[in-house]
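Structural overview
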Amino acid sequence: MPLFLLRRSSFKRLFSSFKEVNNTLDDEKISKTTVKESSQRPTFKCFTYEEILEATGGFNSDNLVGRGGYAEVYRGVMKDGQVLAVKRLNKATNERKEREFLTELGTIGHVHHPNVSSLLGCCIDNGFYLIFEFSLHGSVASVLHDEDSPAMSWKIRYKIALGTARGLHYLHKGCQRRIIHRDIKASNILLTADFEPQISDFGLAKWLPTQWSHHSIHPIEGTLGYLAPEYFMHGIVDEKTDVFAFGVFLLEIISGRKPVDLSHQSLVSWAKPILIGNELEKLIDPRLGEDYDMAQLKLLAFTASLCVRTSATWRPTMSEVLEVMVDSEMDKEKWKMPEEAEDEEEFWGFEDLECECDSSFSTSPLNSILTSSS
Ligand SMILES: Nc1ncnc2c1ncn2[C@@H]1O[C@H](COP(=O)(O)OP(=O)(O)O)[C@@H](O)[C@H]1O
Ligand SMILES: [Mg+2]
């Protein structure tokens, strides 16, 4: 049977399960540390191709708002004025990308949290389309790294850091299954009209059975600069993979720097000596000047330093991250690593990893690393 037809039949099963899950999630106590749940989960809808064609002006390039690894995203307006984001799987795509698209549908259709992007529906006529609420400000990457706009204020940066941590905590702990996102990064965190962050792009997400400690994955996919060492080197994936990426994301928000700069230096290798030396004024985005809250900066920088630890065991869980991010009274000694672990951190310094990564692209099995661009 052609792959496409096979997929169509599994779509039907998927849709019928959404209704069930909606009911369960409404009653579920999602998380003890999350922000107050907003409204009920939006109803999932099957859009017709004609509807999305009209909404996006025939996928007019003026409405193109984003382009990722395997899809294009268009802004669309429905007849009733509702503004949508329509994610269209590239026509010339391979089976693996198609699978990612379905993964995204299967995962995001089952999650509901103010800090996770909401899926409104999908369309399977004339290709594959996912339909989301439109995020007015685009992604964190587009706002943070836009040199033509004023610098993102510290207040918004802090709000984004906290909201993203809550969304990620929900994925790991609060929803029906353990979800490992695997591609936490600034271009996958969208911003609502009031700059509430929403985790999006579940193309690489994995559901982990509770009894599994981790998952071994091949090929290694994700985005350089955000990849945890154990994942990058051995394909090991668990919650700590996302915690590491979240740490890089925090460093990005604090410093305004990209995870890998033009000279190929990773943000982590740049930031680690600064964090160790506690020279926070070197870490902060110079575009902010003096306009930041030192107490909050200390908390975010400390959290980031824990999240980007080489050893996954010594990284905090997202529940711990949420505690550390807001507790200025916290006893830092609690997070001190034993000496052997400190030595290991130095041995596996990120600089070493970076060298391997640079030299690997043409020669080693690490060739298989697939990096997404958005
Ligand atoms: N709901 C949305 N509202 C506004 N812009 C969006 C939305 N979804 C995606 N985008 C834009 O499109 C880009 C690519 O979307 P994404 O879902 O990450 O695709 P890919 O899986 O191809 O990376 C994002 O970085 C963002 O700029
Ligand atoms: Mg993306």
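The rules behind the values
Residues numbered from 1 in each chain as written. Chains lettered and ligands numbered in written order. Predicted model: local features only at pLDDT ≥ 70, side-chain atom pairs only at ≥ 80, totals over all residues. UniProt positions renumbered as here; feature names shortened; annotations may be inferred. Helix = DSSP H or I, 4+ residues; strand = E, 2+ residues; numbered from the N terminus. Buried ≥ 20, exposed ≤ 12 C-beta atoms within 10 Å, placed from the backbone. Contact = placed C-beta atoms within 7 Å. Near = placed C-beta within 6 Å. Nonpolar A, V, L, I, M, F, W, Y, C, P; charged D, E, K, R; others polar. Domains from an automatic or database assignment. Pairing = 2+ DSSP bridges. Core = buried A, V, L, I, M, F, W, Y, C linked by C-beta atoms within 7 Å. Axes fitted to C-alpha atoms, helices over the stretch in contact; angles between N-to-C directions. Left-handed = near helix turned anticlockwise from the far one by under 90°. Arc of directions from axis to C-beta.

Per an unreviewed UniProt entry, the recorded name for the protein is Protein kinase domain-containing protein, and the organism is Aquilegia coerulea. You can read under Sequence similarities (unreviewed entry) in the UniProt record for the protein the words "Belongs to the protein kinase superfamily."

1. A word on the overall build of the protein
When its secondary structure is counted, the protein shows 13 helices and 14 strands. Each of the 374 residues in the protein was classed as buried or not, and the buried ones make up 39%. Pairs at least 24 residues apart make up 68% of the contacts formed inside the protein by residues separated by at least 6 positions.

2. Notes on the site of ligand 1
In the vicinity of ligand 1 there are 24 residues, among which Gly66, Gly68, Ala85, Ser135 and Asp201 approach most closely. Every element with two or more residues in the shell around ligand 1 is listed here: strand S2 (64–67), strand S3 (71–77) and strand S4 (83–89). Grouping the constituent residues of the shell around ligand 1 by class yields 8 nonpolar, 14 polar and 2 charged. Counting contributing residues, the shell around ligand 1 receives three or more from each of domain 1 (3–133) and domain 2 (140–354).

3. A look at the pairing of strand S5 (residues 119–123)
Of all 5 residues that make up S5, 4 are buried, and the element is covered over most of its length. The pairing of strand S1 (residues 45–46) with S5 spans 2 bridges and is parallel. Paired with Lys45 across the two strands is Gly121, which belongs to S5. Sheet topology note: the S5/strand S6 (residues 129–133) ladder contains 4 bridges and is antiparallel. Looking at the pairing, Gly121 lines up with Ile131 of S6. Between S5 and the antiparallel strand that follows it, S6, lie 5 residues; Asn126 among them carries a positive phi value of about 60 degrees.

4. Re the UniProt feature "binding site: ATP" (unreviewed entry) in the protein
Mapped onto the present numbering, the UniProt feature "binding site: ATP" (unreviewed entry) falls on Lys87. The residue Lys87 is located in strand S4 in this model. Residues in contact with Lys87, not counting those within four places in the same chain, are Ala71, Val73, Tyr129, Leu130 and Phe132.

5. Notes on the pairing of S2
Alignment of S2 against S3, held across 3 bridges, turns out to be antiparallel. Among the inter-strand pairings, Gly66 is bridged to a residue of S3, identified as Val73. Hairpin geometry of S2 and S3 is characterised by an intervening segment of 3 residues between the two adjacent antiparallel strands.

6. Thoughts on the nonpolar core
With 79 residues, the main nonpolar core has Val86, Ile131, Phe246, Val248 and Leu250 as its most contacted residues. For this core, the leading source of residues is helix H7 (residues 239–255), giving 10 residues. No fewer than three residues from each of domain 1 (3–133) and domain 2 (140–354) sit in this core.

7. A look at the packing of H7 against helix H10 (residues 294–307)
The contact between H7 and H10 brings their axes to 8 Å, and the two run at 145 degrees. For the element pair H7 and H10, the recorded crossing hand is left-handed. Together, Val243, Phe244, Phe246, Gly247, Leu250, Leu251 and Ile254 of H7 and Leu297, Leu300, Ala301, Thr303, Ala304 and Cys307 of H10 make up the contact between the two elements. Broken down by class, the residue content of the contact of H7 with H10 amounts to 11 nonpolar, 2 polar and no charged.

8. A word on helix H8 (residues 267–276)
Within the sequence span of H8, burial applies to Leu267, Val268, Ala271 and Lys272. An end-on view of H8 places all buried positions within 120 degrees of arc, on one side of the element. Phi turns positive one or two residues past the end of H8, at Asn278, with a value near 55 degrees.

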